[in-house]
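Remarks on the overall topology
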Amino acid sequence: MINLKLREVKNDLSIKELEVAQYIMTHTQTVKNMSIQTLAKLNYVSTSTILRLCNKLGYSGFSDFKVDLISSSPQKFSTDILQDDINLNDTLQDVNRKVQAMEKSSIDDTHSIVNLNALDNAIDLIIASNKIVIFGVGSSGLVGKELEYQLIKIKKDVNCHFDAHISRSIVSTLGKNDLIIIISHSGETPECVELLKLAESLKVPSIAITKMGQSQISLLANIVLHTTSMEHASRLIPIHSKISQISVMNMLLTNLFIRKYDEHLLEQTQSCEKRKYPHHK
């Protein structure tokens, strides 16, 4: 899990922080028994550099980082996992195998980096909110529409529009008892950043579903649910990011439905069962 986090935030690190990160990945077992002063001395950096690295990885300090490092078990990597882009000359079977490997790795990686406290707080925020606005661009917007549809099942007043101007108009009417949910793989989508800044000015609580690492969106949102960001630059279909977003959404919704399970949801379940098996008694 530590190595995954280090890979996820690689592009957000300074040169010194990157050198320390590479040292940790190479000497993981040794670092488990090191003090922050020793690690700093071996890498010719200050302890503040290491603390900044820990913060970018999502830890409150070096001690918090060490606890996770010690408890992490070595990951077994499979040679079957896709390393490169799908080739144009791949067979049908090859493409299917590579897509399957990408989907599996995205799901596993997303579950390994989930912050349970953030997830728990996000669920509480959704339950407590009066109105909810969801926004994302492109495939992130499609994930937002699915989230909207599912939240309607528990009678939430929720809107997800693909038009940023419409979303801005709705957000401008929200207050401190409402909520905005932003979905952005990059964490830098201009329309999403603008909506979060507007929400902040109106004191509207916010949740962001975005890749791990520092970004404008992760800094602006009150609660951040991380997705994996290992997407090839030449991607045609954002398989990694989309599957990761869906995994986060499914964790959020399933736990939310468990907390909100009542007669209304029971009736929906029974109604679906009757439509599927009309003659079943």
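Heads up: these notes are all about the structure in this document. Model, not experiment: these values are computed from the prediction.

Re the pairing of strand E4 (residues 206–211)
Along E4, 5 of the 6 residues are buried, which leaves the element largely enclosed by surrounding structure. Here strand E3 (residues 179–184) runs beside E4; their pairing, made up of 5 bridges, is parallel. When the bridges of E4 are listed, isoleucine 183 appears paired with isoleucine 209. Taken together, E3, helix H11 (residues 190–201) and E4 form a β-α-β motif whose crossover is right-handed. Bridge count between E4 and strand E5 (residues 223–227): 5 bridges; the pairing is parallel. Looking across to E5, one finds that lysine 211 is bridged to threonine 227.

A short note on the packing of aromatic side chains
Taken as a whole and judged by the stated rule, the model has 2 aromatic pairs. Summarising the aromatic geometry, the rings of tyrosine 59 and phenylalanine 65 are spaced 5.6 Å apart at their centres and angled 80° between planes, so their arrangement reads as edge-to-face. When sorted by exposure, tyrosine 59 lands in the same class as phenylalanine 65, which is buried.

What about the sheet that holds E5?
If you trace the 5 strands from one edge of the open sheet to the other, you get E2-E1-E3-E4-E5, paired in parallel fashion. The strands lining the two open edges of the sheet, one partner per strand, are strand E2 (157–160) and E5. Going across the sheet, the axis of each strand differs from the next one's by a mean of 15°, ignoring polarity. Looking at chain direction, strand E1 (residues 131–136) and E3 are connected through 5 bridges and run parallel. Bridged to isoleucine 132 within E3 is leucine 179. Along the sheet, helix H9 (residues 139–152) contacts E1, E2 and E3; its crossing angle with E2, the most-contacted strand, is approximately 160°.

Rules behind the numbers
Residues numbered from 1 in each chain as written. Predicted model: local features only at pLDDT ≥ 70, side-chain atom pairs only at ≥ 80, totals over all residues. Heavy atoms only, no water. Buried < 20%, exposed > 50% of the residue type's maximum accessible area, 1.4 Å probe, protein only. Helix = DSSP H or I, 4+ residues; strand = E, 2+ residues; numbered from the N terminus. Pairing = 2+ DSSP bridges. Right-handed = clockwise from strand over helix to strand, strands pointing away. Phe/Tyr/Trp six-rings, centres within 6.5 Å; stacked < 30°, edge-to-face > 60°. Axes fitted to C-alpha atoms, helices over the stretch in contact; angles between N-to-C directions. Contact = heavy atoms within 4.5 Å.

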